[in-house]
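Residue-level listing of the chains:
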Amino acid sequence: MFDEMLGDNETLREPYAKYQQWIEQEDTKHLNKKATEAEAFFRRTGITFNVYGSEEANERLIPFDIVPRIISGHEWNKLSRGIEQRVRAINAFLYDIYHRQEILRAGVVPAKLIAQNEAFLPQMIGVSPPGGVYTHICGVDIVRTSERDFYVLEDNVRTPSGVSYMLENRETMLQMFPELFSKIKVRSVSEYPKNMRRSLAACTPKLCEGKPVVAVLTPGIFNSAYFEHAFLADQMGAELVEGHDLKVVDGHIAMRTTRGFKAIDVLYRRIDDDFLDPLTFNPDSMIGVPGIMDVYRAGRITIANAPGTGIADDKAIYSYMPDIVKFYTGESALLKNVPTYRCAEKDSLTYVLDNLSELVVKEVHGSGGYGMLVGPAASKREIAAFKLKLLDNPENYIAQPTLALSTVPIMTKKGLAPRHVDLRPFVLSSPNRIQITPGGLTRVALKKGSLVVNSSQGGGTKDTWILDE
Amino acid sequence: MLGKTAAGLYWMFRYLERSENTARMLDAGFRIALTRSTAAEDEWVSVLASAGSHNSYIEQYDQIDAPSVINFLLREKNNPSSVMSMVETARNNARLVRTALTREVWEATNECWMTMKDLLAHPIHEKELPAVLRSIRQQSALVRGALHGTMLRNDSYDFARIGTFLERADNTARILDVKYYVLLPSAQHVGTSIDNVQWETILLSVSGRSAYHWLYEGETNPVSIANFLILDRQMPRSFAFCFTKLAETLGYLGEDYNIEHPCQLKAEAMLKNLKQKTINDIIDQGLHEFIQDFISENQKIASMIEEDFRFYG
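What counts as what
Residues numbered from 1 in each chain as written. Chains lettered and ligands numbered in written order. Predicted model: local features only at pLDDT ≥ 70, side-chain atom pairs only at ≥ 80, totals over all residues. Heavy atoms only, no water. Contact = heavy atoms within 4.5 Å. Buried area = accessible area lost by both parts, 1.4 Å probe. Salt bridge = Lys/Arg side-chain N within 4 Å of Asp/Glu carboxyl O. Helix = DSSP H or I, 4+ residues; strand = E, 2+ residues; numbered from the N terminus. Nonpolar A, V, L, I, M, F, W, Y, C, P; charged D, E, K, R; others polar. Axes fitted to C-alpha atoms, helices over the stretch in contact; angles between N-to-C directions. Parallel < 35°, antiparallel > 145°, perpendicular 65-115°, else oblique. Left-handed = near helix turned anticlockwise from the far one by under 90°. Buried < 20%, exposed > 50% of the residue type's maximum accessible area, 1.4 Å probe, protein only. Core = buried A, V, L, I, M, F, W, Y, C linked by side-chain atoms within 4.5 Å. Pairing = 2+ DSSP bridges. Phe/Tyr/Trp six-rings, centres within 6.5 Å; stacked < 30°, edge-to-face > 60°. Lys NZ or Arg CZ within 6 Å of the ring centre and 35° of its normal.

Enquirer: What's the story with the interface of chain A and chain B in this structure? I'm lost.
Expert: Opposite the 28 residues of chain A that make contact, chain B presents 32 residues. Counting each side, the surface lost to burial between chain A and chain B is near 2,500 Å², with a carbon and sulfur contribution of 46%. Counting the surface chain A buries against chain B, the share from its top three residues, Arg 44, Arg 256 and Thr 258 of chain A, is 29%. Taken together, chain A and chain B are joined by 4 salt bridges. Here Glu 168 of chain A makes a salt bridge to Arg 103 of chain B, at a shortest N to O gap of 3.1 Å. Those elements that place two or more of their residues in the side of chain A that touches chain B are helix 2 (28-45), helix 9 (226-236), strand 7 (239-241) and strand 9 (252-257) of chain A. Its residues assigned to classes, the side of chain A that touches chain B comprises 9 nonpolar, 7 polar and 12 charged.

Structure (structure tokens):
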């Protein structure tokens, strides 16, 4: 097991050297008190997420751990090159798949996988988004297994969340441990909202005149990520709108203001494709904007991320990502994919059936851990039951080995203790550049030995430090 | 600015103002109950009526006593006019308009809500009441301070102020509406101790007791109290003061937006009317009618504002 502070064999790794010097001088009790202070800080700022159905506790905090996750500048440079390559390929893939579909003709990705995929939107065929950008904002989930090995777990290219935690975690650390930041040079993340606004404004439709008007579309105050929507709009200096604030006026999407209707050029939407336009997609959607797809097709608004990007982070497509990178960039993928067995293929299915107790089996279109088998944690009976489901419809499943995720220490009552982590860096794409904020959201499984980092299942977050060297 | 955001700011500050005023009325009622036990029940009825909560109280309780009234007005979940409910509504509006507030204003509002939730988690015993009320006053002062100290003087600030002054004018009018009769000149009561108590409560309910004595040099009489609350432009809770601010703020918005809305003209007309009147005119024409008329005009101007600035559609 690889620990990012102590390596494989309890020898302090270089990126943590200065932090180690500092924490040796600190008292555990005092640090635990600081952790309580951090919680109060988060509550006051209102960085909470809503939980449906429970009246009293309907605003919860995601636990924050005060020990930073530290990544060297060198490691980061390597990572960000890989991420940039991947995001470029994904954008090229999306353009291709909604236009000439060269990659299907070349037989690199099976056509069946696209045509039968719910995440593929026929309404986007032939539509060119302003500036050719599909994935304006994405959050690539990365895990580490050793000194050298990083794997991409998921490419979140729909509406990834968590960036407000990246920013507020840093803010909290700056307030609580200012002395640490004068000892250790950490690259700043605070330019993210400004960069995001610039990046979105650079994707404005050609028909837009004057300074681009940017707005953030939220499902509303009861959405679990509402805090983040409001936070980003505030930090970008953009209006935070809901569907009922918008309508089509003179061929533009316009928001109802105190001075009448005002046209919007770029809409950063935090609602799913399906709810975007009741006239085109789900007719029952109350949170979308009727007619927005017509305005979009007429080239009068930029929707970020573009509708239909979900086809690129589909689990079935994921396994082809190394080929996709190679096809569009001509280079081998710098970041590794987790080896994935497509149960649709006969040899793979045989292997998966023989090794169920060691594999993680996922539904191709599932998310959030539903309909999943975690082999090493499952009972014989569960495995037998899953086997039947798998045989019944093998095309619906992929399988992956369980990865030994790296650990990073967290602060407990008894002092530092290792816990498993993942990392979600945030990537901004505009026609001319791809920008990766040096840092990201580190999610940490707070339970000893647990590999589940999801906040809905008891995971927490950490500040992520990229050393400035 | 979005119409929805303007509405959110306006309601956020209406609710904050109203919760603070409810706390103030409770304070006055409690003081009377402590010092004049015979007048206590009447006083609680007045407090409930001024807070617009008398009917909903009667639906839930059989009798009027201090602990029930205090808890009903401070923390009853089923009472949308309890301090806790109103602070919660104010904070929900603040969440809605988070982008129009500075971080300081948002945090002060959020802390106000957290403090209230904590303080009002359990029934309030009489002996805790003064400390609780003090804390409510302090928390709302912090929000107001953050507003004044950190917000740009733009339309966000204007809508917050409009909500504040409309609500405050309405609250003062309601206190007077319930108690107007004690201010009517009547040979029978003048100088009796009952009246003095009532006069004092009115002044306490608007946090104006010492200001009044300062201005009117210790001479308490009903006509000058009515003048103080209605026409005195130095008194920050009087009709005239609130309308000066309201007309001024609507004027800033008009200038900013380069349009003179009907609500602005209406506010200016109402202010002009207040400036031209003396307190004796008002009493001669009927104090009660004047107050009721003011309350209904106040509601009209509120709907005009909602329409002129496209709050809801």
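Anyway, onward from the coordinates.
Enquirer: Looking at this model, I keep getting lost on the packing of helix 7 (residues 129-150) of chain B against helix 8 (residues 155-183) of chain B. Mind explaining?
Expert: In a packed pair of helices, the relevant descriptors are the angle between the two axes and the axis-to-axis distance. Residues and elements named next belong to chain B. Where helix 7 meets helix 8, the axes come as close as 11 Å, and the angle between the chain directions of the two elements is 140°. Between helix 7 and helix 8, the angle is such that the two are oblique. Viewed along their axes, helix 7 and helix 8 form a crossing whose handedness is left-handed. For the pair helix 7 and helix 8, contact is made by Arg 144, Leu 147 and His 148 and by Tyr 157, Ala 160, Arg 161 and Arg 168, respectively. Across the contact of helix 7 with helix 8, the residue classes tally to 3 nonpolar, 1 polar and 3 charged.

Enquirer: Looking at this structure, I do not really get the pattern of salt bridges. What am I missing?
Expert: Opposite charge on two side chains allows them to pair when their charged atoms are near. Residue and element names in this part refer to chain A. Scanning all chains against the criterion turns up 39 salt bridges over all chains. Residues Arg 443 and Asp 141 are paired through a salt bridge, measuring 3.7 Å at the closest nitrogen-oxygen approach. Of this pair, Arg 443 sits in strand 22 (residues 441-445) while Asp 141 sits in strand 4 (residues 137-144), and the two are 302 residues apart along the sequence. Grouping residues by exposure puts Arg 443 and Asp 141 together as buried. A salt bridge links Arg 342 to Glu 345, with the shortest nitrogen-to-oxygen separation between them at 2.9 Å. By relative accessible area, which is 34% here, Glu 345 ends up partly exposed. Salt bridges here are not isolated pairs; linked through shared partners, they connect Arg 13, Glu 75, Arg 144 and Glu 147.

Enquirer: How should I be thinking about the nonpolar core in this particular structure?
Expert: When a protein is soluble and globular, its nonpolar side chains tend to lie buried together. Residues Trp 44, Leu 74, Phe 159 and Ile 230 of chain B are the most contacted members of the largest nonpolar core, which totals 103 residues. Not counting residues up to four positions away in its chain, the partners in contact with Leu 74 of chain B are Leu 26, Ser 82, Val 83, Met 84, Leu 120, Ile 124, Leu 129, Val 132, Leu 133 and Ile 136 of chain B. Residues Ile 83, Tyr 98, Ile 303 and Val 338 of chain A belong to the second largest nonpolar core, which totals 64 residues.

Enquirer: Looking at this model, I keep getting lost on the pairing of strand 17 (residues 397-401) of chain A. Mind explaining?
Expert: Successive side chains on a regular strand alternate, one facing one side of the sheet and the next facing the other. Residues and elements named next belong to chain A. In terms of residue burial, strand 17 counts as a mostly covered element, since 4 of its 5 residues are buried. Relative to strand 17, strand 14 (residues 341-342) runs antiparallel, the two sharing 2 bridges. Pairing of Tyr 341 across the sheet is with Ala 399, part of strand 17. The sheet contact formed by strand 15 (residues 359-363) and strand 17 spans 5 bridges and is antiparallel. Looking at strand 17, one finds that Lys 362 is bridged to Ile 398.

Enquirer: Honestly, the packing of aromatic side chains in this entry has me stumped. Any pointers?
Expert: Each aromatic ring pair is specified by the distance between its two centres and by the angle formed by the two planes. Evaluated as defined, the whole model comprises 32 aromatic pairs over all chains. Between Tyr 98 of chain A and Phe 120 of chain A, the aromatic rings sit 4.9 Å apart at their centres with planes inclined by 5°, giving stacked as the arrangement. On the criterion of sequence distance, the pair formed by Tyr 98 of chain A in the loop between helix 3 (73-97) and helix 4 (102-105) and Phe 120 of chain A in the loop between helix 5 (111-115) and strand 4 is long-range, its members being 22 residues apart. When its relative accessible area of 0% is taken as the criterion, Tyr 98 of chain A is described as buried. Judged by relative accessible area, which is 10%, Phe 120 of chain A ranks as buried. Arranged with centres 5.2 Å apart and planes meeting at 80°, the rings of Tyr 57 of chain B and Phe 72 of chain B form a pair that is edge-to-face. Linking Tyr 57 of chain B in helix 3 (residues 54-60) with Phe 72 of chain B in helix 4 (residues 66-75), this pair joins segments that are 15 residues apart in sequence. The exposure class assigned to Tyr 57 of chain B is buried, which follows from its relative accessible area of 1%. In this structure an aromatic cluster arises from ring pairing among Tyr 10, Trp 11, Tyr 15, Phe 159, Tyr 257, Phe 309, Phe 311 and Tyr 312 of chain B. Directly above the aromatic system of Trp 113 of chain B lies the positively charged group of Arg 91 of chain B, at a separation of 3.7 Å from the ring centroid. The ring of Tyr 157 of chain B has Arg 153 of chain B lying over it, and the distance from NZ or CZ to the ring centre is 4.1 Å.

Enquirer: Just checking my understanding: could you explain the sheet that holds strand 9 of chain A for this structure?
Expert: Strand-to-strand pairing in sheets goes through backbone hydrogen bonds, with the strands running parallel or antiparallel. Residues and elements named next belong to chain A. Pairing is antiparallel in the open sheet, where 3 strands are placed in the order 8-9-10. Strands with a single pairing partner mark the edges of an open sheet, and in this sheet they are strand 8 (246-249) and strand 10 (260-263). With strand direction ignored, the average angle separating the axes of adjacent strands in the sheet is 45°. Of the pairings in the sheet, the one linking strand 9 to strand 10 comprises 4 bridges and is antiparallel in character. Looking at strand 10, one finds that Thr 257 is bridged to Gly 260.

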